[in-house]
Amino acid sequence: FPEVPVLALTATATPDVIDDIQERLLFKEKNVLRRSFQRENLSYVVRHADNKLAELLHLLRSVPGSSIVYVRNRQKTKEVAQILEQEGITATHFHAGLSSLDKQNKQDRWKEGSFRVIVATNAFGMGIDKPDVRTVIHLDLPDTIEAYFQEAGRAGRDGKRAYCVLLYN
């Protein structure tokens, strides 16, 4: 259908990936509408923490609202969510190894507010547009700076102040 208009959307693609997308979709001419990564309502924090779990609890108790906590492996999603639950913070976990039905259920319940926090691997996020995410906290480093901005960018979609915190030790 060569006359059908095509629109490709991406939040964090590199210039090489943008070119590749346009080539593969057979764009007749290159046309990119771009906005800066900079969002004035997001505060980026890199914090040294000898005890990341204690710092995570401190952050979640200090900043109200929904949160996403990113970790690197599936087992850790479950472990961290259980610790949060034991500490009185409603939480669930999410990773690619869950069934489609389970993933959808967890995502829907988090979006509707049944859980305040979702602890996830990078499998969580495509199509997530929950406006009231006040914190995105990384307990582990993401693979790339682009991945970090994509994940952190899920905070503050309502335009209100939100915090993107990277904990390291």
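Anything mentioned here points back to the structure above.
Residues numbered from 1 in each chain as written. Predicted model: local features only at pLDDT ≥ 70, side-chain atom pairs only at ≥ 80, totals over all residues. Heavy atoms only, no water.

Draft legend 1. View of the packing of aromatic side chains. Tallied over the entire structure, the rule returns 5 aromatic pairs. With 6.3 Å between their ring centres and 55° between their planes, Tyr44 and Tyr148 make a pair best called tilted. With Tyr44 in strand E1 (residues 42-48) and Tyr148 in helix H5 (residues 145-152), the pair connects residues that are 104 residues apart, well separated along the chain. Overall, the relative accessible area of 36% leaves Tyr44 in the partly exposed class. Overall, Tyr148 belongs to the buried group, its relative accessible area being 10%. Put simply, the rings of Tyr44, Tyr148 and Phe149 touch in pairs and so form one group of aromatic residues. The ring of Trp110 is capped by Lys130, whose NZ or CZ atom sits 5.3 Å from the centre of that ring. (Phe/Tyr/Trp six-rings, centres within 6.5 Å; stacked < 30°, edge-to-face > 60°. Helix = DSSP H or I, 4+ residues; strand = E, 2+ residues; numbered from the N terminus. Buried < 20%, exposed > 50% of the residue type's maximum accessible area, 1.4 Å probe, protein only. Lys NZ or Arg CZ within 6 Å of the ring centre and 35° of its normal.)

Draft legend 2. Summary view of the sheet that holds strand E5 (residues 133-138). One open sheet accounts for 6 strands, arranged E1-E6-E5-E2-E4-E3; its pairing is parallel. Strands at the two margins of the open sheet, each flanked by one partner only, are E1 and strand E3 (91-94). Direction aside, neighbouring strands of the sheet carry axes that sit 15° apart on average. Both E3 and strand E4 (residues 117-120) contribute to a ladder of 4 bridges, which runs parallel. Residue pairing in the sheet places Ala91 in a bridge with Val117 of E4. Sitting on the sheet, H5 is in contact with E1, strand E2 (66-70), E5 and strand E6 (162-168), with an inclination near 150° to E5. (Pairing = 2+ DSSP bridges. Axes fitted to C-alpha atoms, helices over the stretch in contact; angles between N-to-C directions. Contact = heavy atoms within 4.5 Å.)

Any functional reading would require information beyond the geometric quantities listed.
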